[in-house]
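Residues per chain, in single letters:
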Amino acid sequence: MRTETPTPIYLKDYTPPPFLVDTVTMDVDIRPEGTLVTTTQTCRRNPAAAPGLPLVLDGEDLETLAVVLDGRLLAQQDYQLDGESLTLSGLPDQFTLETRVRIQPDQNTQLSGFYRSKNGYFTQCEAQGFRRITWFQDRPDVMARYTVTLHGDKATYPELLANGNPVTRGEEDGGRHFATWEDPFKKPSYLFAMVAAHLEVLRDRYTTASGREVQLAVFVEPGKLDQCDHAMAALKKAMAWDEERFGLECDLDHYMIVAVGDFNMGAMENKGLNIFNTKYVLARPDVATDGDFENIDRVVTHEYCHNWTGDRVTCRDWFQLTLKEGLTVFRDQEFGFDRHNPTVARIREVRGLRAAQYPEDAGPMAHPIRPRVYEEINNFYTATVYEKGAEVIRMIQTLVGRDGFRKGLDLYFQRHDGQAVTCEDFVAAMADANGYDFAPFMTWYHQAGTPRLQARGQYDGAAQRYTLTLRQLPPEGGQPYLMPVALGLVGPDGQDMDLGGGATTRVLELSALEQSFVFEAIPAAPVPSLLRNFSAPVILEAEYSDAQLTHLLAHDSDPFNRWEAGQRLYGHLILDAIRHITQGVAPQWPESVAAAARAVLTAPDADPAFITEALTLPTEATLAEAMGQVQPEALHAARNGLRRFLAENLESELLARYRALHDGKAYTIDSPAMARRALKNCCLAYLNELDDPRYGELAKAQFDGADNMTDQFAALAVLVNALAPAARALGETALAQFRERWKDEALVMDKWLSVQATSRQPDVLERVRALTAHPAFDAANPNKIYALIRSFGANHRHFHAADGSGYRFIAAWICRLDPKNPQVASRLARCFDRWKKFDPAHQAHAQAALRDILTQAGLSADVREVVGKALQ
Ligand code: TRP
Ligand code: ZN
C-alpha cells in the first residue's frame, strides 16, 4: 500500500508525453505461480514535448524480470527503478522496448488492474489500472494500437478475450491454449481489457445503417444465460438509437459485454470489450425489479455511447473526465427521454442530482466539473463530474437548440476523431458550429458550488406589464454564470400566457448578476413558472406562497414544474414542522396539502409514474441541505409525519387506487406496466404509514402472491419499515422467507441486505452488525459492501444517531477495507461529507471518528484525501 504523503496533481502542470507509442504487443501467460506479462512497445519522441526528456514509465505491484531496449537486455544500472516508476534516459528518437514482469492477480484485492473473480480473471484499467499490469506511460493522451496474446489452462479458462478482433487461437502443451486479439483502433491504456474465464455466452448480431455486421456477445457466469436477454436487447436498442439521434454507428466487428460479480463501479467502456458489474447485466422478472431493468438499460446505453464519446474521442488528461462522462451521461439521459415518459425521467434525474450532487457541491469534496487539482483521481468519479457535467452539456443544448447541438457534435467528431482532447475543444466545436459565444458560459467548468437564483416579479396592471428581475448568487466570491432560465407565466385561470408570437415558454439568458426581463400585454398578475424542465442546475429561492405553489401544482403546463411545485410545498411544510418539533410542539399539517395530493392521486388521465413522483416526498438528504443545522431525528419525524398525515387523509383513495392497480393482469416489463406497479407500491407504502393491521396483511398477501421481484420486494420493504407491530412481525417472516428462497442469487441477496440496512426501525445498527457475519455478506465483494455497509451510511436517521454509534461503525469499516480495496473504502468515507451541518454533539462524534481514520497506519491516498478534506 502507498504510505507516502500524497502529492497533489495540478491541471496547470500538464505537459505532453515525452514519447508516443505506436504499437503495443503483449503476451500474457496465466500460471498458478503468477501471470507473466511481456510487453513490447514501439516508441518515438513526441515532437510536441520538450526535447531530451527521459522516458518515465508507470508501474505498481510489478515484479520486474527484464528490460530489453532494441533487442539488448539492460543491466540494472541502465535504468532507474523506484517504487512506482521506471526511468530510461539518453534514449534514441525511436526504439523498441520490451519489458517482462510478473503480477499476482490472485492477490489483487483492489480490483484495479488484472484480478481474480469467481470464474476467472478480469481487468479494470480506468483510471490508472494498466500500470498494475505492465510498465507504461499510463495516461490517456498516449494512444496506441494493441495486439494481445493470452495463454492459460483450457479447462479452467476456456474463454480468452481481449479488445478488438480475434486473430488466431490454438492448443498448447499441458492442456493449455492461447488466443490472439488485435484492436484496429488506437486507444489509451485505460480502455485496455482482457478476460480469461469460464463463462457462458449469449450471441446475437446487429447490422448498422451502412451495412456493417457487428457480432454481439454477452458473457456471464455459467447458469445465468437466462438472465441476459434484457441486456442484449438494451444493447441493440442503444445501437439503433445512436444512429438515429446522432448519426453515430458502431465501428466494430465484435462488441462484447462481460459480467463480473466483483467490480468496484457500475461498468467500463473498454473498446469492444465492456466489463460490467453483474448487477447491470443480469435480470429476469422474478429476480430483478423494474428499477433494475431500467438501470440495465441506462448503463448498457451509457457504455455503448462511450464508444464515440470517450473511446473514439478521449480525454487529454484526467482533469477532463467530464468531457467523456458528462457528455455520455447526457447522451444516455436523452435515450431515456426518447423511450420513456420524458418528464418522469427528468424528475428522477433531478431528484438524484439534489440528493447526491448538491450535497457534494456544498461539502468538503466540492469541485468544479473540471477539477483543477486532485490527490487521487479515483475520488473524482463523482456526481459532480457525471451528473452536474451532464447538466452543463444539457444547458449547451438548451442554448443552441437541438439541431445546433447536433451540428456542434458533428464538428467535434470531424475535428477530433482519434484524438485525446480537452473540454475547451468540445465547447469550441459547439461555439464554432453555431456562432455562439460560450466565453461567459465557461464558469460552469471552472467553479465549484451550486449557484442560487432569486426571482422577483412586478405586475403593473395599468400598463399590463410584467417585469421579472432575476438575480444570481454565485458561490462565495465567484464569477457569474450564463444560465438558461426557461420561463412561462401562468395566469389566474391556470392557462399559460402568450409571451409574444404565441410562445408560452421562453428561454431567458441570464449572464449578469442581476437582470430584468419585461413582458408586455400581460392581462393579469401571473405566477411565474421558472426553470421549466429544470433548465439550469441551480437552487431557486423564489418566495412562492403555498397558494401559488398549489396553483402551479394544479395547472402549470410544464409537468416538471408541476412536480417541482409539489416538492417545494412539501419542503416548506416539513421545514416548518421541524421547527415545531424542536420546540416540543406537535406539527400542524394544513388541509390544503391533502387536497392537493388528493387531486394528484385522482387525476384521471395522469401517467401513474408521474403521480408516483408527485406523491414522493424529497429525501432526508435533500431536505437537510435546506436546513441551517440538521437535527436528523426531528427531520425524520417531520417527514414521516407528513407521510402519515397524507395517508390518513387519502386513505380511501389510496386503497381504491391500490385495488384498481393490483388487478392480477399478466406481468409485462413495458413502461406503462412499470408505471402502474410504481403507483401501486407507492399506495401500499402510504397505507402502511397507518396503524391498521389490514394494510400489513395486504402487503404480506402481495409478497406471497407476487410473480415478479418488483412487487415482491416492494411489499418486503413496506413490511420491514412498517410501524404497526403486527405488520412488523409479518416483515420478519417475509425476510426469512425471502432469504430462504433467494439465498443462491447473489444480486437478490444484495437487496435483502440493503432493505435491512436502510430500514427506519430503531434496531437497524444491531441488525447490520449481525448481518456482517451472515453468509450472504462478503467483505471482499464491493456489491455486498455497498448493499449493507454503505446503505447503512446513507440511512440518514441512523447513520447520524445521536450517540455517534453510526459514525464509529462506518469509520471502523473504512479502516478495515482500506488496506484491501481503497477505492471502495474511499467511497464509504464520503458518508461523512456533511458532518459539519449537524449540531455540536453530532460533530464531536463525527470528528473523533474521522480523526481515528487518519491515524491508521498506511492509509491509502484515496481515503486520506477524502478524510483529510472532511477535517479541514
Ligand atoms: N468509465 C466508467 C463509466 O463511467 C467508470 C468506471 C468503471 C470506473 N470502473 C471504474 C472509474 C473504476 C474508476 C474506477 O462508465
Ligand atoms: Zn461513463
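This write-up is about the structure you can find in this document. Here the structure is a predicted model, which means the values were calculated and not measured.

1. Considering the site of ligand 1
For step 1, the next point in the chain: Taken together, 16 residues sit near ligand 1, with Glu126, Ala267, Glu269, Glu303 and Tyr386 positioned nearest.
For step 2, the next point in the chain: The separation between a nitrogen atom of ligand 1 and a polar side-chain atom of Gln124 is 3.2 Å.
For step 3, the next point in the chain: Within the side chain of Glu325, an N or O atom sits 3.1 Å from a nitrogen atom of ligand 1.
For step 4, the next point in the chain: Protein contacts shield 97% of the accessible area of ligand 1, which totals 370 Å² for the unbound molecule.
For step 5, the next point in the chain: When contributions to the shell around ligand 1 are tallied by element, the ones reaching two or more residues are strand S21 (267-268), helix H2 (290-306) and helix H3 (321-339).
For step 6, the next point in the chain: By residue number, the principal contributor to the shell around ligand 1 is H2, which donates three residues.
For step 7, the next point in the chain: Taken together, the residues of the shell around ligand 1 sort by class into six nonpolar, five polar and five charged.

2. Details of the pairing of strand S26 (residues 452-460)
For step 1, the next point in the chain: Pairing analysis gives nine bridges linking S26 to strand S27 (residues 465-473), with the strands arranged antiparallel. Bridging across to S27, Gln454 finds its partner in Arg471.
For step 2, the next point in the chain: Taking the residues that link successive antiparallel strands as the turn, the S26-S27 hairpin has four residues, and the phi of Gln464 there is positive, at about 50 degrees.
For step 3, the next point in the chain: Here S26 pairs with strand S32 (residues 539-540) via two bridges, running parallel. Note on S32: the bridge partner recorded for Arg452 is Ile539.

3. Regarding empty space enclosed by the protein
For step 1, the next point in the chain: Scanning all chains against the criterion turns up three cavities of 30 Å³ or more.
For step 2, the next point in the chain: Of the voids in this model, the largest cavity is the one considered here, and its volume is about 120 Å³.
For step 3, the next point in the chain: What lines the largest cavity is a set of 15 residues, among which Leu530, Leu540, Asn561, Glu564 and Arg568 lie closest to the centre.
For step 4, the next point in the chain: Those elements that place two or more of their residues in the lining of the largest cavity are strand S31 (527-530), helix H8 (546-555) and helix H9 (559-582).
For step 5, the next point in the chain: With four residues, H9 is the largest single contributor of residues to the lining of the largest cavity.
For step 6, the next point in the chain: The computed volume of the second largest cavity comes to approximately 40 Å³.
For step 7, the next point in the chain: Looking at the second largest cavity, the residues that line it are Thr322, Leu323, Ile369, Gly389, Ile393, Cys423, Phe426 and Tyr445.
For step 8, the next point in the chain: Mapped onto the lining of the second largest cavity, the elements with two or more residues apiece are H3, helix H5 (383-416) and helix H6 (423-434).
For step 9, the next point in the chain: Residue classes in the lining of the second largest cavity are distributed as six nonpolar, two polar and no charged.

How each quantity is defined
Residues numbered from 1 in each chain as written. Chains lettered and ligands numbered in written order. Predicted model: local features only at pLDDT ≥ 70, side-chain atom pairs only at ≥ 80, totals over all residues. Heavy atoms only, no water. Near = heavy atom within 4 Å. Polar contact = N/O pair within 3.5 Å; in protein donor to acceptor, adjacent residues only side chain to side chain. Areas by Shrake-Rupley, 256 points an atom, 1.4 Å probe, with all protein chains shown as cover. Helix = DSSP H or I, 4+ residues; strand = E, 2+ residues; numbered from the N terminus. Nonpolar A, V, L, I, M, F, W, Y, C, P; charged D, E, K, R; others polar. Pairing = 2+ DSSP bridges. 1 Å grid on protein atoms, 1.4 Å probe; cavity = no way out; pocket = protein on both sides within 12 Å on 5 of 7 lines; lining within 4 Å. Points joined across faces, edges and corners; volume = space filled by probe spheres on them.

Honestly, it's all geometry; don't read function into it.
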